[in-house]
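# Coordinates in review
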Amino acid sequence: MADSQDSIAPRRSQRDRKQVKPFASSSQSPSKRKRADIENELTDLSELDEPEQVQGEDEDDAVAGGESDDEPEFSVPATKQKPPTATRRGKVKAKGPPPPKKPRTTKSAGTRVTKAQKGLRPKAHKPKAVNGDFDIAKLTTEVNISTDNPLFNATLNPSAALQSTAEDFLDALSRDSGPAQAQLINCILRACGCNDSVDADQVVDYDGVVDALDTFTEGLKQENSPIYPLTSKLPAFKRFRASLSELIERIVLAAAELGILYTSDLMTTLQTWVVAMSSSQIRSFRHTATVVALELETALCQVAAAVEKEAEILGRQREGERKRKANNKASGVREKDLEDKVVAVRKRRTALAEYLKEIVDAVFVHRYRDLDPNIRAECVKALGAWFTYYPAHFLDTSYLRYVGWVLSDLSTPVRMEASRALSAVYAQSDYVSSLTHFTERFKPRLLEMAGGDTELGVRTAVITVLSAIDGHGLLEDEERERVCLLVFDTEARVRRAVAPFVAGVWTELVEERVAATTSKGKSKASDKVKARVGVKALTTLLVKWGKALDRTAESMEEESVLSGESGVVTRQRVHPPYMSGADSSSRIALAVEALWGEVDAVGEWEESLEVLLLDHSQGGKDDDIDGADSLVESARNAVDAAWRLEEVEESVLLEVLVASLRRAKAVAASGKKGEEEAVTSDVTRALMKGLPRLFIKYQTDEKRISNVLSIPPLMNLDLYLEMRMINAYAGLWDDVIKQFVSHSSQTVLTRAVSTIRHLLSATSLANTNNTKILELEDDLASQLRDAVASREEIEVASFSEDEVIALGAVCTRICVLAGSRDLSSWMEEDEGGKQSSAWDIVSASVERGRLGYKEEERMIEQGLHLLGLHIIWKARSLPDARDETADSNKFRETLREQRDSLLEKLVEYAVGTQSNTAEGVKRAAFQNLMNLYILFCPTQPAAEDGQRLPTEALALQLDDEVQYRCAGFVQATIEQYAELLEDDKPSEELTDRDDSSDDQDDLRAVKSGKGKHPSKTRSKTPAKRNQPASKALLEQEYQFIATISPFLRAIRAGAVHVRHGAVLLAHYGRLGPVFDLCTKVIVDALREEGMYNDNGEVVVDVVTQALKESFSLLLDSVVHNEDCSVGLAKQLASTFMIRGAQLAVVRRLDTQYIVKMHTVLLTWIIKRISTLDANKNKKQKGNAVLFFRVLSVLLKSVESRDALSIKAHMDQCIAQNKIEIPPTSKLWESQRIYEKRLSSILTKGKGGKGRKAKGATGVTDSEESEPEPQPEPQFEPEPVKDAAPSSRPRPRPRPTNPPPSPTEQSEHEVPPSVSQEDETQATPRGKSQPGNHEVESPVQTPANSRTVMEVATPTNGNELARKRRRMEEMEVEESETAGEHQSLEDVRFGEETSQVQSMMNEFIIRRKRARH
């Protein structure tokens, strides 16, 4: 043991930092505190400063310095420490490794020595990867990266001790810098995926770095996408990025601690190689070198920050030493020692500044705008780290501007890293003064990103940055308001992110109001006062932001431009009231959800209720609303100005109360068991007292009472019975009924009915519920009879305006109640003939629809809905179809009479020709007409148990004439809505589109066949542009969808024939995404009709009609490009086949219908083109040719035989209409693409069989599966000259040259031998695939297509001569390469197939021809 300790003692000074410990432990007590820090963290400031305590060699000076100052000292590493290191290194080699545990018993320096010595031993064995589960050999099999570098292997090994690795490297660097530096550079090369290496001489040959890298990159250029660790998805490289960063950091920090960073050429070598590699064209080199350089800079920032702090401490020590008045010699020595240390620190600062500047100027400045977004993101991320580690240097405008510039980067990760970097910037509160100019310059961009960035993560990060900026007081009031408006955003993440910002604004306002309250001579504000002030502040802010949001929406609406959150919130605000229901998604509710837990006033619903119950009128006192409180109590509850609410604030607070109650229940439901029940009970007890007062206070305000009616569904009604408060429950019923029978607003009625349904669900209070609902029905009956005032002939009687309004309101109330409750018995109740039934009164009122009075439109509309609901409720009560009792038959007969009388009115109002019906009445009649025919459709399936449906006895069949009228009504509705959208377009867009259309007709027609359309950005259909979120437009959209939806349901149910769906399909793409989604119902019906019902003719009719009408919109200049028709064709193409798992075709439409579809459309469009050509209408002719784009989409399910027939028909139509197609005209590009796809389908079918025949395996044809010998004499080129024409025509292969004009094309019949020779010759001479040429397919052509082929198949006059020459050349080559078989891949590069294979193909095709 003693020998071991003796052997260790000389080695403790092996490195610079290890020379300090023996001296420091005997001279300074502060060193004891530093030892623990050294063991725990290498980067601690005391570690970096300890080695500098031995700057002087005079022990007396050092002792004097230690006794004169209690502050920790920082010293400069001296270069003269290196020779002792070299001397003791020799001792280490001589004595061998010491026991690993002994140095730990001495000092922390011993620990360092042990790590270094342990690391030296297994260095050569690291590639064996014995640590954990890491297997370096397995990695070499997965990637082509050499593992001969110990540093690279340690980086890959997740269990490697990188601190020991760094110490080993520095130890080797101190012994011999050349091999150590070469090892480090080779590690970087391995990280780049490069297996080349540099030696000790090459690594320091700085002039040859570029040439060496050029040599290395030449090898990597041979690989298309070389794998390198930074981007690889392999598990072995999962932690490589973090390990590489840690290794570089530890090397730099340890080198700085030992002084090697300043005394060796380590940084010079690294910078020379890394800078050169960072500008390489190879992405792996450029990316990896950039990461290494950035990590070097980050580590240097830590070192520089420590040196700066050291210089600051030395400066204070020096100033303190100068102020001492002691004149002893020791004090002078101490001052001199400090001066020397200051000089040394200054040198280190200078060196570090040069290192930092070199990396920034040579790497960062160029790579932050690299083409690769990953590299740009790495640069911005590193810059954020520099801001954190070394703010004194980098928090400057010259560096901050880079972050500001990349805020507009197209890459989301780059913008995200920029946002995170700014978060680090504004976290440095000591440097806020240097950020003023940068903040003012880039605040507008940050606000824009917070409100409208495409990535939610970026938006939330920018909101955090803006919160930090506001924390320093750098945001103006308008800017703060703009950020606060995001609390109404539709994205929950954005609302939650901005909640702390809003909470800060709310807290400031509350403090101001509380301070104003206490400054008026009052005592300290109580908690209740603060709570009420908080409620007032919350409502004030919400009202303020709501008005700002409305102003923004109005300005955007005027400009017809949607922007950010304003348009979205406006959409939520302007939905029709009958769509809103309980309005649980209003913007106030969204804000409450986001602010829950951040703003105290949001969660304190009891205080909100108390404030609402106060009287905020001009009197300023809490006057007893229900008259129960005394004047003394009223005076005591005077409403202070600090929490008095305005009218609009009161409305907002009521919404906040409803949203808070919902949120409280939702939070309790997700909490502990029983918590929800407790919260609901508390809410119910509070509302039992407060709700009646709210009804009294807001009963005349439509908007507020609708919110009050939303509260009862949140209560536990059983508490009324438990607390024996039945009278209070009856009073609640009376309040709800009173609001229901006194209001006509759809919102109030809908919420009142929702409350009634909740009340009826309380089975424990059934007696009270039955009594009250009967009272409600009696009230409605009385109102209805009073509205008609006992008139005899309601159909022709005259009504005053007030009577019409009253009758319409009653019908609306009954209709809303009938939507959730069966009122059929009540509707037919006539009190034994003493009174007219509600059915008779409403039916007579509906008869007035023929008069066409605009004032009575709502009344008749609601009456039709009510009668339709009555029929539906009665149909629900129909007896079983097998029940033939007298009562059942009477019930059916009564229902039949009522239904038929209603249907007569509906048909007349909706699609009649004699009545003068208002538009609203037409829509209501059409909707109810479709609903009734769907209900009584005879094609409805049986019930789930297989029994006949009760409605089968009353089945209805819609006449064909009425169906066509309904389709015409839908067409008219579509045109009206389309005109509305067109009129809503900005006039500038229409003018610009019209002016530019005449000059770019040919250009648009040419480029329409390609992937990009310049006209798309200028002339968009109404659906493809941003629609203004106006209330009128949204209501029109709702009415439009509500009108066509019953028609779609009728088609799907079979009540209306699917052929009428073409009316809707023709407008696909014009009217918005909702309409396009609706048309998919027709596509599904067509698919079912064609594949499951074997009714392909209907599919053909609907598809052709829809495509004709859709494209006619372009020809008639209704739309301005063919995109709508192309999109429709893509949807209709899905009706031709059904795919299953792995895209396998499960069902397919019969090919004859697909051929018919193409032929019909080709005939139509070619005739249109011919007519336009004759009229010299070049513009519309160019548009008409674009129809071939539509046809190209329909070729997905076309087979080879079908393609042959379609192509023949197209050629015949072109020839018959005498249309000339110039071979180089860009106008006909779409037609050439369509023809090319047909040819590809032809060749694919034939080429596939040819390949199977060549291999003699996998051939499905029974005859091709038997290989037969092919005699040599059968292959004769001579008959080409004298061969007689064959009776069977075949299409000519498509030549590579442009096709001749139709006038030059003629039919030339080729004998079978020539056809065979043409096939065998054309295939190897092609330059791409054999499938690029058309060869004869073993399919049967229809009998009537024979003359078509003879007329339409073009052939060049010199074709036979070229074929003969090519065949002779092939024979010469085959004689030289007899017996060799070339693959299809060789054919792509121009090599010829063997003679034997050609003979085999000839024999097989000849057998097929003979068979056909």
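The rules behind each value
- Residues numbered from 1 in each chain as written.
- Predicted model: local features only at pLDDT ≥ 70, side-chain atom pairs only at ≥ 80, totals over all residues.
- Heavy atoms only, no water.
- Helix = DSSP H or I, 4+ residues; strand = E, 2+ residues; numbered from the N terminus.
- Contact = heavy atoms within 4.5 Å.
- Polar contact = N/O pair within 3.5 Å; in protein donor to acceptor, adjacent residues only side chain to side chain.
- Phe/Tyr/Trp six-rings, centres within 6.5 Å; stacked < 30°, edge-to-face > 60°.
- Buried < 20%, exposed > 50% of the residue type's maximum accessible area, 1.4 Å probe, protein only.
- Patch = residues over 30% accessible without salt bridge, like charges linked within 9 Å, V, L, I, M, F, W, Y side chains within 5 Å.
- Areas by Shrake-Rupley, 256 points an atom, 1.4 Å probe, with all protein chains shown as cover.
- Salt bridge = Lys/Arg side-chain N within 4 Å of Asp/Glu carboxyl O.
- Lys, Arg positive; Asp, Glu negative; His and termini not counted.
- Charge placed at Lys NZ, Arg CZ, Asp CG, Glu CD.
- Pairing = 2+ DSSP bridges.
- Expected span 1.5 Å × (residues − 1).
- Core = buried A, V, L, I, M, F, W, Y, C linked by side-chain atoms within 4.5 Å.
- pLDDT = per-residue confidence, 0-100.

Okay, the environment of Gln898 next. In this structure, Gln898 sits in helix H45 (residues 886–911). Once the C-alpha coordinates of Gln898 and Ser843 are considered, the two residues, 55 residues apart in sequence, prove to be 9.6 Å apart. Gln898 has contacts with Glu828, Trp839, His870, Ile871 and Lys874, leaving out every residue within four places of it along the chain. Within polar-contact distance, the side chain of Gln898 engages the side chain of His870 at 3.2 Å.

Moving on, we get to the packing of aromatic side chains. Per the counting criterion, the structure on display carries 20 aromatic pairs. Their ring planes at 45° and their centres at 4.9 Å tell us that Phe438 and Phe442 sit as a pair that is tilted. Here Phe442 and Phe438 lie together in helix H23 (residues 436–452), a separation of 4 residues that amounts to about one turn. Since its relative accessible area comes to 2%, Phe438 is described here as buried. With a relative accessible area of 9%, Phe442 lands in the buried category. Taken together, the ring pairs in this structure connect Phe364, Tyr368, Trp386, Tyr390, Phe394, Tyr399, Tyr402 and Trp405 into an aromatic cluster.

On the surface, Asp199, Asp201, Asp205, Asp207, Asp211 and Asp214 cluster together into a patch of negative charge. Here Asp207 is to be found in the loop between helix H12 (200–203) and helix H13 (209–220). When its relative accessible area of 74% is taken as the criterion, Asp207 is described as exposed.

A word on the pattern of salt bridges. Pairs can form between side chains of opposite charge once their charged atoms are near each other. Evaluation of the coordinates by the stated rule reveals 54 salt bridges. Between Lys772 and Asp734 there is a salt bridge, with its nearest N and O atoms 2.9 Å apart. Linking Lys772 in helix H40 (residues 766–788) with Asp734 in helix H38 (residues 726–742), this pair joins segments that are 38 residues apart in sequence. One salt bridge in this structure joins Glu856 and Arg848, with 2.7 Å as the shortest N-O distance. Arg848 sits in the buried class, given a relative accessible area of 2%. The network of salt bridges with shared partners includes Glu847, Arg850, Lys905 and Glu908.

Within helix H54 (residues 1123–1133), 9 of the 11 residues are buried, leaving the element largely enclosed by the surrounding structure. Buried within H54 are the following residues: Asp1123, Cys1124, Ser1125, Val1126, Gly1127, Leu1128, Ala1129, Leu1132 and Ala1133. Contacts from the buried residues of H54 go to helix H51 (1062–1065), helix H52 (1073–1091), helix H53 (1096–1115), strand E1 (1137–1139) and helix H57 (1187–1193).

Moving on, we get to the pairing of strand E2 (residues 1145–1148). Where E1 meets E2, 3 bridges bridge the pair, whose relative direction is antiparallel. Directly across from Arg1139, in E2, lies its bridge partner Val1145. In textbook terms, the turn of a hairpin is the stretch between consecutive antiparallel strands, and for E1 and E2 this stretch comprises 5 residues, one of which, Gln1142, has a positive phi near 55°.

Turning next to helix H47 (residues 960–983). Look at H47: 35 Å from first C-alpha to last across 24 residues, which is about the 34 Å you get at 1.5 Å a residue. Residues of H47 that are buried include every one of Val962, Gln963, Cys966, Ala967, Phe969, Val970, Thr973, Ile974, Tyr977, Ala978, Leu981 and Glu982, and no others.

This next bit is on the environment of Ser1197. In this fold, Ser1197 is placed in the loop between H57 and helix H58 (1200–1216). Since its relative accessible area comes to 3%, Ser1197 is described here as buried. Along the backbone, Ser1197 and Ile1241 are 44 residues apart, and their C-alpha atoms lie at a distance of 9.9 Å. In this structure, Ser1197 is in contact with Phe1136, Met1137, Arg1148 and Ile1154, ignoring residues within four places of it in sequence.

On to the nonpolar core, then. Judged by nonpolar contacts, the single largest core of 358 residues is most densely connected at Leu261, Phe285, Trp545, Leu864 and Phe1047. The dominant element in this core, judged by the number of residues it contributes, is helix H17 (residues 283–323), at 15 residues.

In this section: the environment of Ser434. Relative to the elements of secondary structure, Ser434 occurs in the loop between helix H22 (412–426) and H23. Its relative accessible area of 27% is what places Ser434 among the partly exposed residues. For the pair Ser434 and Leu395, spaced 39 residues apart in sequence, the C-alpha to C-alpha distance is 7.2 Å. The contact partners of Ser434, leaving out residues within four places of it in the chain, are Leu395, Thr397 and Leu400. In terms of polar contacts, Ser434 uses its side chain to reach the backbone carbonyl oxygen of Leu395, at 3.5 Å. Within polar-contact distance, the side chain of Ser434 engages the backbone oxygen of Tyr431 at 2.7 Å.

Per-chain confidence: the chain averages 74 in pLDDT, with 69% of residues scoring 70 or above. Here residues 1248–1361 is modelled with pLDDT under 50, and outside its nearest four sequence neighbours on either side it reaches 182 contacts, counting other chains as well.

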